[in-house]
Amino acid sequence: MPGRPRTKFKRVDELAVRIHAFCDDLYALMPRQYDERPSGDPLCELWRAAMSGAAEAWRTLHELRQRLGEKAKIDGGL
């Protein structure tokens, strides 16, 4: 990987913190009735798709963060 592993880790770590906060904010904003998955409601499907996409982005970024941490020999949890 070109560049400095510790610098890459630090930047990805900062993004992981920001996307985690984004997921929390999005979940807080989503109306609770959409948590229950009412069938046939297109707005519910969009809310749930947004939550799913945000969560998948966080999971992927978290995995990248872990791998960069291993490469840079940094032990840190999020």
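Remember, it's a predicted structure, so these values are computed and weren't measured experimentally. (Residues numbered from 1 in each chain as written. Predicted model: local features only at pLDDT ≥ 70, side-chain atom pairs only at ≥ 80, totals over all residues. Heavy atoms only, no water.)

Bringing the state of the cysteines into the picture now. What the rule picks out here adds up to 0 disulfides. Looking at the unpaired cysteine 23, the closest cysteine sulfur is the one in cysteine 44, lying at 17 Å. In this structure cysteine 23 comes out as buried when scored by relative accessible area, which is 12%. Judged by relative accessible area, which is 0%, cysteine 44 ranks as buried. (Disulfide = S-S within 2.5 Å. Buried < 20%, exposed > 50% of the residue type's maximum accessible area, 1.4 Å probe, protein only.)

Turning to unusual backbone geometry, a few remarks are in order. Of note, the phi angle at lysine 73 is positive, near 60°, even though the residue is not glycine. With respect to the helices, strands and loops of the structure, lysine 73 is situated in the segment after helix H2 (42-72). On the basis of relative accessible area, lysine 73 is assigned to the exposed category, the value being 70%. (Helix = DSSP H or I, 4+ residues; strand = E, 2+ residues; numbered from the N terminus.)

Time to look at the nonpolar core. Judged by nonpolar contacts, Cys23, Leu26, Met30, Tyr34, Cys44, Trp47, Met51 and Ala54 together constitute the single largest core of 8 residues. For this core, the leading source of residues is H2, giving 4 residues. Not counting residues up to four positions away in its chain, the partners in contact with leucine 26 are Trp47, Ala50, Met51 and Ala54. (Core = buried A, V, L, I, M, F, W, Y, C linked by side-chain atoms within 4.5 Å. Contact = heavy atoms within 4.5 Å.)

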